[in-house]
Amino acid sequence: VDGSPGWDTGTGIGVRECSYARAGAMSSDETDQRWKFDQGGFVVNRLSGKCLSVRSGSAQLELQSCDFHQASTSQKWAFVSMAQVATALGNETGRPTSALVAEKTRRAVAALAASKGGPSSPRLTLEDVEEAMDPSLFSDGNFWNQTDGLFTSMTPEWSSWSDVFQLASTAQSKSFLQGAMGSFFLTNLVSNMLFAGMNFVQGFGTPNLSFTHGLFNVEVNDFAQQPSNPGCATLGASSLPFCIWPEVKPNEQLGLTSFQDYIKSEFSASLPAHTFFEAIFTGKQVPTWEDDKGRQETFKFLQEGMKVARAQGFEPMQIVRANWDSRFAFDAEGLLSLQQEGFGFFRGREVKYASNGASGVALVERLLEKHDAGNDVLGVLMTDSVLSMHLTYDSEKEEFEVDLTALEKYMPLPGFAKLGGRAVFKEKEGRLATVLLEYGGHKYGEFNDSAVEEDYSSSKLSGWRFAEKAIIASLLAKTQLLLHFKTIHLELAPVLQAVTVDDFASNPLHPLRRLLEPFISRNVQATAANLQLWFQFRVGEFGLAPLPMEEQLKLLHEIMESSPLNLADLDMERFAKARGMEEFSKEGREAGAWNWTWHQRASKVEDTLDQLVDCWLSKHYEGDDDKLASDPEFAAWWNSLVTHMPALRVATLTDKTWVATMARSTTPTTTLMPLP
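Asker: Looking at this structure, how should I read the overall build of the protein chain?
Answerer: Summing up its helical and strand segments, the protein chain has 26 helices and 14 strands in all. Across the 676 residues that make up the protein chain, the buried fraction comes to 47%. Partitioning the intrachain contacts of the protein chain with sequence separation of at least 6 by distance along the chain shows that 64% fall at a separation of at least 24. Of the roughly 33,000 Å² of accessible surface on the protein chain, a fraction of 53% belongs to carbon and sulfur atoms.

As structure tokens, then:
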């Protein structure tokens, strides 16, 4: 309202910068920017008690005395509900209308149950999130004032951990809803600073961050220890040395150490005398040319928070997990709104090419429509996603299977379902259709159970739907913990960098060293960060699998003992053959047949990399196998890699045919050899 504050009848109304009634601002009774929605469609200014009105003879807005008793007046407005907003946003993202209608119905059912005094922990919805964002309602109007004060200065010197934990505790004491919302928002605010310190390094711009209407700001360069917004694209990297990757320092070595010794040295972890960590290796240190100040400072920042939390008698991960004690209705728009509140780097509708955020939900729903798959979410995931890597094929039964029963013996975190289960699929009109689910001692072959559907309409999983979601969760856990973390971050990536840096230390311009540079950069650094997050902060319980860290260690040890990785098995052709899946990996199958698209894409990437290696080695060794075979630096590097990478050693000792084949495909034929 025009004026400071605006009060008088006839005063114009327009869009202004927000005068939030928060820390350092006017009180809620002094601002003219707060309104209430009254019955009959009136919008009443809380300060003056007057109504939002259309100025006579124009399209402008003004403040007028309220015509509550007039049947026809320019002061009545049709309110757009949050459900309408959610539908509009969902349509914009590409979500099918049928999915949005079903979601709207579930939202209404949850709200009705809550209004009737349903469960003590009601199902939350989008409307609950929006209500929690109202400064006057949340925690008696105090939460946002305190939040603004705590995060006015978001710098590496920020040290308000104790106040944040107290504010989260206060919100949790108010209500189930406020505890969940408050914990999420505070966690996200802190995460902005962690993200800034962990994810920006030399060679990349560091855009500064302003979010939540400019209330919160993060100077990314303060955390990343890099210049802010250097303008590398316009000024040119040659004039700005921080715009390019740092050069390798000659004669610097990282040293090799087993993970067992590294963990005991860095984290004082109490490990058994004999674990899988004894047999795998990493570098003793991070290369000095890889800037690491941001990560180091971020961990100091985290350690201070851990110290404060433990002094108060709890683990910070308990707060994160407590968020999930709140059960949301099956309301994707509501969850998205909640999860992005307070985090400014990637909004839920900005992440287009990833499975999280609004795009991931829309993609799965569109696939269900495309394949006319009904409710078979697992089926479409196995049809088109990376999770199909876990499939095997029984040609006699003409069935595909994912078997996760080996995970069932590991105890989950409190409140989480057990991992495990088994699913069977058959080809159907160009996709894979689920025909059998096994989980928790039950089998499901029929997927039209009215009781299950009634539960689902009330945002409750039961029967085959519960089994399906548990199996999907198990597939995700297996992919994250056993493939991403174990195979890449523990077994392959760090030792590849450490051996390569050390063996070519005196000659960093060696052709092989230069070829490998993009594939080894920051491998040791990334693994060190992951281990620290895992051992000191137990973050793996949140991001890898819903198992306590001790159970994760047990699982990793038993898998590596019983099924040691053979690097040859990661060759895409062998990968398919071992699973009986060769025929589905070939393009150009007959019309209506299912194609293993994930494997086809992965094979194309592998072929491209093979061509790169072949081209590079041919150029530098003139296509002469003997010339490469006689290169002592190459031979020393290979033998050291065989010694320190168990997966490669297994391949050289048990799959000599594969080694020879790989050797021929990359030109040399005599240097790729197992140790005597």
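Asker: Got a minute to help me understand the environment of S337 in this structure?
Answerer: Note on placement: S337 falls in helix α12 (residues 332-340). Placed 251 residues apart in sequence, S337 and A86 show a C-alpha to C-alpha distance of 9.7 Å. When near neighbours in sequence (up to four residues on either side) are disregarded, S337 contacts L126, V129 and E130.

Asker: So what exactly am I meant to see when it comes to the pattern of salt bridges here?
Answerer: When charged atoms on two side chains of opposite charge get close, those side chains can pair. Summed over the entire model, instances satisfying the criterion amount to 27 salt bridges. Between D292 and R295 there is a salt bridge, with its nearest N and O atoms 2.8 Å apart. E587 serves as the salt-bridge partner of K604, at 3.1 Å between the closest nitrogen and oxygen. Taken as a pair, K604 in helix α22 (residues 597-621) and E587 in the loop between α21 (572-578) and α22 lie far apart in primary sequence, 17 residues in all. Through salt bridges with shared partners, a single network forms among R95, E103, R107, D331, E333 and E365.

Asker: Would you mind showing me how to read the state of the cysteines here?
Answerer: Such a bond, covalent and formed between the sulfur atoms of two cysteines, is termed a disulfide. Applying the stated rule across the entire model yields one disulfide. Paired through a disulfide, C51 and C66 show a sulfur-sulfur distance of 2.0 Å. Its torsion about the S-S bond being 105°, the disulfide of C51 and C66 is classed as right-handed. You can see C51 sitting in strand β4 (residues 51-54) and its partner C66 sitting in the loop between β5 (61-64) and α1 (82-93), a full 15 residues away along the chain. The pair C51 / C66 is uniform in exposure class, with both members buried.

Asker: I'm lost on empty space enclosed by the protein in this one. Help?
Answerer: Where empty space is left becomes clear once a probe the size of a water molecule has been rolled over the atoms. Considering all chains together, one arrives at three cavities of 30 Å³ or more under this definition. Of the voids in this model, the largest cavity is the one considered here, and its volume is about 50 Å³. Along the walls of the largest cavity sit G197, M198, N199, F200, V201, A224, D291, D292, K293, G294, R295 and Q525, which together make up its complete lining. Elements that contribute at least two residues to the lining of the largest cavity include exactly α6 (176-198) and α10 (293-311). With three residues, α10 is the single largest residue contributor to the lining of the largest cavity. Here the lining of the largest cavity is composed, by residue class, of four nonpolar, four polar and four charged.

Asker: I keep staring at the environment of T11 and nothing clicks. Help me out?
Answerer: Turning to its location among the elements, T11 is positioned in the segment before β1 (12-13). For T11, a relative accessible area of 14% corresponds to the buried category. Sequence separation between T11 and E62 is 51 residues; the distance between their C-alpha atoms is 5.4 Å. Each residue touching T11, except ones within four places of it in the same chain, is listed here: V1, D2, R55, L61, E62 and L63.

Asker: I'm lost on the sheet that holds strand β12 (residues 422-428) in this one. Help?
Answerer: What the five strands build is an open sheet, ordered β10-β11-β12-β13-β14; its pairing is antiparallel. Bordering the open sheet on either side are β10 (392-394) and β14 (442-444), each of which pairs with just one other strand. The average undirected angle you get between the axes of adjacent strands in this sheet is 30°. Sheet topology note: the β12/strand β13 (residues 431-439) ladder contains seven bridges and is antiparallel. By the bridge assignment for β13, F425 is matched with T434. Those strands touched by helix α14 (residues 377-384) are β11 (399-403), β12 and β13, and its axis lies near 125° from that of β13. Packing of helix α16 (residues 463-503) onto the sheet brings it into contact with β11, β12, β13 and β14, and relative to β13 it is tilted by some 100°.

Asker: Just to check I follow, could you spell out the pairing of β4 for this structure?
Answerer: On a regular strand, each side chain points to the face opposite its neighbour's, so the side chains alternate between the two faces of the sheet. Sheet analysis places β4 next to β5, joined by four bridges and oriented antiparallel. Following the sheet pairing, L52 is matched in β5 by L63. The antiparallel pairing of β4 with β5 creates a hairpin that spans six residues between the two strands, and G57 there sits at a positive phi of about 75°.

Asker: Sorry if this is basic, but what is going on with the packing of aromatic side chains here?
Answerer: The geometry of an aromatic ring pair is captured by two quantities: the separation of the ring centres and the angle between the planes. In this structure the tally under the stated criterion is 34 aromatic pairs. A cation sits over an aromatic face here: R579 above F575, 3.6 Å from the ring centre.

Asker: Would you mind going over a nonpolar patch on the surface with me for this structure?
Answerer: Taken together, the side chains of F519, V605, L609 and L612 make up a nonpolar region of the molecular surface, amounting to roughly 340 Å² of accessible area. Looking at the nonpolar patch element by element, the count peaks at three residues for α22. Mapped onto the elements of the fold, L609 is located in helix α22.

Reading guide: rules and limits
- Residues numbered from 1 in each chain as written.
- Predicted model: local features only at pLDDT ≥ 70, side-chain atom pairs only at ≥ 80, totals over all residues.
- Heavy atoms only, no water.
- Helix = DSSP H or I, 4+ residues; strand = E, 2+ residues; numbered from the N terminus.
- Buried < 20%, exposed > 50% of the residue type's maximum accessible area, 1.4 Å probe, protein only.
- Contact = heavy atoms within 4.5 Å.
- Areas by Shrake-Rupley, 256 points an atom, 1.4 Å probe, with all protein chains shown as cover.
- Salt bridge = Lys/Arg side-chain N within 4 Å of Asp/Glu carboxyl O.
- Disulfide = S-S within 2.5 Å.
- 1 Å grid on protein atoms, 1.4 Å probe; cavity = no way out; pocket = protein on both sides within 12 Å on 5 of 7 lines; lining within 4 Å.
- Points joined across faces, edges and corners; volume = space filled by probe spheres on them.
- Nonpolar A, V, L, I, M, F, W, Y, C, P; charged D, E, K, R; others polar.
- Pairing = 2+ DSSP bridges.
- Axes fitted to C-alpha atoms, helices over the stretch in contact; angles between N-to-C directions.
- Phe/Tyr/Trp six-rings, centres within 6.5 Å; stacked < 30°, edge-to-face > 60°.
- Lys NZ or Arg CZ within 6 Å of the ring centre and 35° of its normal.
- Patch = residues over 30% accessible without salt bridge, like charges linked within 9 Å, V, L, I, M, F, W, Y side chains within 5 Å.

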